[in-house]
Amino acid sequence: MNMPNNFRLASRMGEIAPFHVLEILDRARRLEAEGRSIIHMEIGEPDFETPPPVLAAAQRALAERSMHYAPALGLPELREAIAGFYRSRYGVRVDPSRVVVTSGSSGALLLALGVLIDPGSRLLLADPGYPANRHFVRVLEGVPVGIPVDEQSRYQLSATSIAAHWDERTVGALIATPSNPTGTLISHEALEAIHAQVTSRGGTLLVDEIYHGLTYGAQVRTALEIGDDVLVVNSFSKYFNMTGWRIGWLVAPPGMVEAIERLAQNLFLSVSTPAQYAALAAFSDDTLDLLEARRRIMRERRDYLVPELRRLGFDIPVEPEGAFYVYANCSALCADSFEFCSRLLDEAGVAITPGVDFGHHRGREHVRFAYTTSVERLREAVGRIEAFLRLG
Ligand SMILES: Cc1ncc(COP(=O)(O)O)c(C=O)c1O
């Protein structure tokens, strides 16, 4: 029996859009259950399993350790290990007291924004960008300001675009490098210019480095080099292949950690204790060797896919240098990318994500391909897309 709906949702819920990609995934799985062969290029997580040393560390901890609440800022040894990773990988000294272990970078973003956003505060973001960010800001009663970005700025914000959109209610800017959905990087110099612009106006710069490690060119520098007033978000999800463990981190300015700790205590108490013990093994030599081999596999996939998509008529004006995404303009091939994705799934069994998932700017002209599947499957997908386009 259906109960009458006598609840009323908060008005903000009218502005929290679902991830279209999850609807696509749902539909793809339904088609698979009916026996259809589907190639998944919509999924924003690596297809690799958790590295074995991480699994072994988790199993050991479950057998030997107490699994009570951990401290709200994270296990001290994990905070030290994360600080140590900045030293070994980037040559940057970070005091472990500035490292906050979080529930994925999602938890890190919520904590960072939670201590910065007042009702009505504006935060500047790239459009297209990772869709949850604008919703985090909205949940906190702030105003997400999506700044349209194009190939001219490698789909990244610039000091100039930030200056043009800044007003007295703006509290900061958030950059993701490499970006989701475009896979493009911002140069260290451009990031320094943004930092100067933002801080000269009394604002805060947040940098989401969740796809660090998954870059296929020059060695990438961390925004932590720029100054200890930058908030950096990262995660064990993508490079470390640990999406389901729900663990990440935030590096915060020294004076902000106490406020973040209070918020973390109240919102989460602590991050999953077994996940923290597992993550301790993520920086071991064995794990890092495996992750570097997996990075090379990701690169091979990108190197296969990008020229093939261009051959099929997709426009990819900026070479994606990181993450595992290709953001392609499909306007030469279809009138509406949403409908295109829908038909491609139904008729060709290839699941990709429509650009509208990532913002309002030219979403209907773009699609995102995730190369989170093998080159053999990518080859099959390219064949299917080619046949689909031929039939019109
Ligand atoms: C740019 C970006 N930031 C943050 C996240 C959140 O990831 P997690 O909470 O698993 O660390 C994602 C996930 O896709 C992302 O693409």
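The structure we're discussing is the one just above.
Residues numbered from 1 in each chain as written. Predicted model: local features only at pLDDT ≥ 70, side-chain atom pairs only at ≥ 80, totals over all residues. Heavy atoms only, no water.

### Considerations on helix α4 (residues 104-114)
- The element α4 is extensively covered by neighbouring structure, given that 8 of its 11 residues are classed as buried.
- Along α4, the positions that sit buried rather than exposed are G104, S105, G107, A108, L109, L111, A112 and L113. (Buried < 20%, exposed > 50% of the residue type's maximum accessible area, 1.4 Å probe, protein only. Helix = DSSP H or I, 4+ residues; strand = E, 2+ residues; numbered from the N terminus.)

### Points about the environment of H135
- Tracing the sequence through the fold places H135 in helix α5 (residues 132-139).
- You can call H135 buried: its relative accessible area is 8%.
- With 140 residues separating them along the chain, H135 and A275 place their C-alpha atoms 26 Å apart.
- Among all residues touching H135, those that are not within four sequence positions of it are E15, I16 and A17. (Contact = heavy atoms within 4.5 Å.)

### Section: the pairing of strand β7 (residues 231-235)
- Counted residue by residue, β7 has 5 buried out of 5 residues, so it is predominantly covered.
- Along β7, one buried face is formed by L231, V233 and S235 and the opposite face, lined by V232 and N234, is buried too.
- Bridge analysis of strand β6 (residues 204-208) against β7 gives 3 bridges, and the strand direction is parallel. If you follow V207 over to β7, its bridge partner there is V232.
- Where β7 meets strand β8 (residues 248-251), 4 bridges bridge the pair, whose relative direction is antiparallel. For V233, the partnering residue across the bridge sits in β8 and is L250. (Pairing = 2+ DSSP bridges.)

### Brief notes about the site of the ligand
- Near the ligand, the surroundings consist of G104, S105, S106, Y130, N180, D208, I210, Y211, S235, S237, K238 and R246.
- The side chain of S235 places a nitrogen or oxygen atom 2.7 Å from an oxygen atom of the ligand.
- In the environment of the ligand, an oxygen atom lies 2.8 Å from a nitrogen or oxygen atom belonging to the side chain of R246.
- Taken by itself the ligand offers 400 Å² of open surface, and the protein chains cover 93% of this.
- Element by element, the count of residues in the shell around the ligand is highest for α4, at 3 residues. (Near = heavy atom within 4 Å. Polar contact = N/O pair within 3.5 Å; in protein donor to acceptor, adjacent residues only side chain to side chain. Areas by Shrake-Rupley, 256 points an atom, 1.4 Å probe, with all protein chains shown as cover.)

### Here's the deal with the side chain of K238
- Looking at the secondary structure, you find K238 in the loop between β7 and β8.
- One buried charge, K238, has no salt-bridge partner; the nearest side chain with opposite charge is E45, at 7.1 Å.
- Ignoring sequence-local partners within four residues, the contact set of K238 consists of G44, P46, I210, Y211, L214, F324 and Y325. (Lys, Arg positive; Asp, Glu negative; His and termini not counted. Salt bridge = Lys/Arg side-chain N within 4 Å of Asp/Glu carboxyl O.)

### Focus on the packing of helix α10 (residues 285-312) against helix α12 (residues 375-391)
- Following both chains from N to C, one finds α10 and α12 inclined at 10°, their axes separated by 10 Å at the closest point. Regarding the angle of α10 to α12, the classification is roughly parallel. Of the residues in α12, those in contact with E300, R301, Y304, L305, E308, R311 and L312 of α10 are V375, L378, R379, V382, I385, E386 and L389.
- Of the residues assigned to the contact of α10 with α12, the class counts are 8 nonpolar, no polar and 6 charged. (Axes fitted to C-alpha atoms, helices over the stretch in contact; angles between N-to-C directions. Parallel < 35°, antiparallel > 145°, perpendicular 65-115°, else oblique. Nonpolar A, V, L, I, M, F, W, Y, C, P; charged D, E, K, R; others polar.)

### A word on unusual backbone geometry
- For the bond running from D127 to P128, omega is 15°, close enough to zero to count as cis.
- T177 connects to P178 through a cis peptide bond whose omega is -5°.
- Position of P178 among the secondary structure elements: in the loop between β5 (170-176) and α7 (188-200).
- A positive phi angle, close to 55°, is found at R246, a residue other than glycine.
- Along the chain, the position of R246 falls in the loop between β7 and β8.
- Residue R362 is not a glycine yet carries a positive backbone phi of 55°.

### Description of the nonpolar core
- Residues F236, F240, F314 and F369 are the most contacted members of the largest nonpolar core, which totals 102 residues.
- Looking at this core element by element, the count peaks at 8 residues for α10.
- The two domains that each donate at least three residues to this core are domain 1 (14-49 + 287-391) and domain 2 (52-282).
- Not counting residues up to four positions away in its chain, the partners in contact with F369 are M41, L305, L309, F314, F324, Y325, V326, A328, I352 and I385.
- Residues A108, L113, L125 and L206 belong to the second largest nonpolar core, which totals 25 residues. (Core = buried A, V, L, I, M, F, W, Y, C linked by side-chain atoms within 4.5 Å. Domains from an automatic or database assignment.)

Keep in mind these numbers describe shape, not what the thing actually does.
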